[in-house]
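Listed here are the chains, written in short residue letters.
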Amino acid sequence: MQKPVIACLDLEGVLVPEIWVNVAHTTGIEELKITTREMPDYDKLMKRRLAILEQHGITIAEIQSVIEKMGPLEGAPAFVAWLRERCQVIILSDTFYQFALPLMRQLDFPTLFCNQLEIDDRGKILAHHMRMPNQKKHSVAAFKSLNFFTMAAGDAYNDTAMLGEADAGFFFRPPDHLPKEFPQFPVTQTYGELQIQFSRAGHLRP
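Structural notes, computed from the coordinates. Keep in mind the model is a prediction, meaning the values are calculated, not measured. Along each chain, the written sequence defines residue order, and numbers are assigned to residues from 1. pLDDT decides what is reported in this predicted model: residues at 70 or higher carry local features, side-chain atom pairs at 80 or more are listed and counted, and totals for whole chains, interfaces and linings draw on all residues regardless. Heavy atoms throughout the structure, all of them, feed into the side-chain values; hydrogens and water do not.

Two numbers describe how helix α1 (residues 19-27) lies on helix α3 (residues 60-69): the axes approach to 10 Å, and their chain directions differ by 110°. One element, α1, and the other, α3, form an angle in the roughly perpendicular class. Across the interface between the two elements, Ile 19, Trp 20, Asn 22, Val 23 and Thr 26 from α1 touch Ile 63, Val 66 and Ile 67 from α3. Of the residues belonging to the contact of α1 with α3, the class tally is 6 nonpolar, 2 polar and no charged. Axis definition: a line fitted to C-alpha atoms, over the contacting stretch in the case of helices. Angles run 0 to 180 degrees between N-to-C directions. Where helices and strands are cited, they refer to DSSP runs of H or I of at least four residues and of E of at least two residues respectively, numbered from the N terminus. Our angle categories are set so that under 35 degrees counts as roughly parallel, over 145 as roughly antiparallel, 65 to 115 as roughly perpendicular, and the remainder as oblique. Residue contacts are defined here by distance: any two heavy atoms, one from each residue, within 4.5 Å place the two residues in contact. Ten residue types, Ala, Val, Leu, Ile, Met, Phe, Trp, Tyr, Cys and Pro, are classed as nonpolar, four, Asp, Glu, Lys and Arg, as charged, and the remainder, Gly among them, as polar.

Below, the discussion takes up the pattern of salt bridges. In what follows, salt bridge is the name for a side-chain nitrogen of Lys or Arg lying within 4 Å of a carboxyl oxygen of Asp or Glu. The final tally for this structure, using the stated rule, is 8 salt bridges. A salt bridge links Asp 43 to Lys 47; the shortest N-O distance between them is 3.2 Å. With a gap of 4 residues between them, Asp 43 and Lys 47 both fall in helix α2 (residues 42-56), about one helical turn apart. Think of it in three bands: with a 1.4 Å probe and only protein chains considered, a residue is buried below 20% of the maximum accessible area for its type, exposed above 50%, and partly exposed in between. For Asp 43, a relative accessible area of 33% corresponds to the partly exposed category. Here Asp 159 and Lys 136 are joined by a salt bridge, their closest N and O atoms 2.5 Å apart. Of this pair, Asp 159 sits in the loop between β5 (149-154) and α7 (160-165) while Lys 136 sits in helix α6 (residues 135-145), placing them 23 residues apart in sequence. Neither Asp 159 nor Lys 136 differs from the other in exposure class; each is buried. Each of the salt bridges in this network shares a partner with another, and the network as a whole consists of Asp 10, Lys 136 and Asp 159.

Within α1 the residues assigned to the buried category are Ile 19, Trp 20, Val 23 and Ala 24. Down the axis of α1, the smallest arc covering the buried residues is 140°, so these residues share one side. Set apart from the buried face of α1 by more than 90 degrees, the exposed residues are His 25 and Thr 26. Where α1 is buried, its residues contact α2, α3, β2 (88-96) and α5 (97-106). Remark: Gly 28 follows α1 within two positions and exhibits a positive phi of approximately 80°. As used here, the arc is the angular range of directions from the helix axis to the C-beta atoms.

Moving on: the sheet that holds β5. Note on pairing: two strands pair once DSSP finds at least 2 bridges between them. Across the sheet, 7 strands lie side by side as β4-β3-β2-β1-β5-β6-β7; this open sheet has mixed pairing. On the outer flanks of this sheet lie β4 (125-129) and β7 (187-188), each paired with one strand and no other. Where strand β3 (residues 111-119) lies against β4, 4 bridges are found, and the strand directions are antiparallel. In the sheet register, Gln 116 faces β4, and the bridge partner there is His 129. Those strands touched by α2 are β2 and β4, and its axis lies near 170° from that of β4.

Now the structure itself:
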């Protein structure tokens, strides 16, 4: 008997644009363009980002105003809707609930596992709190322990542990260097290609 299927998707770079890259463009702060596509240590990256925000006096309201103007990547809502009709879908992201809400609304509120920011009453971001270390990998492992067949898609260093833990893991539009470092994960460049890979791996209907 076939196991029920659950698909785990990264958020930024897979379904929505990179939030911090958009913040960098809006504020003109070039240092904020660095993401987990280039820097594997997410905790170190976030500490660096928060130090930059403090240096420039950027508040949560300013970041949220950038996010409000962002939309999903072209084709993402239709892809998520297609997938949710065929299996369970979980978004596993290292972003923060305070950032993600406007984007989740535009994706029809799929389930999201992510992290929290600590913010003071003036809107200053004081700290970031990761729900647990390597939460993407541990989430996939937990779903496997519940007897789900797990599939995953991501685009960055912080997705590779999730892809490796999944029964079937795929890159989606990764930077050129990642498939060379992790050749075990098939590369997809379009939602159509990812649909085909998920359909084959999970035996989903077309």
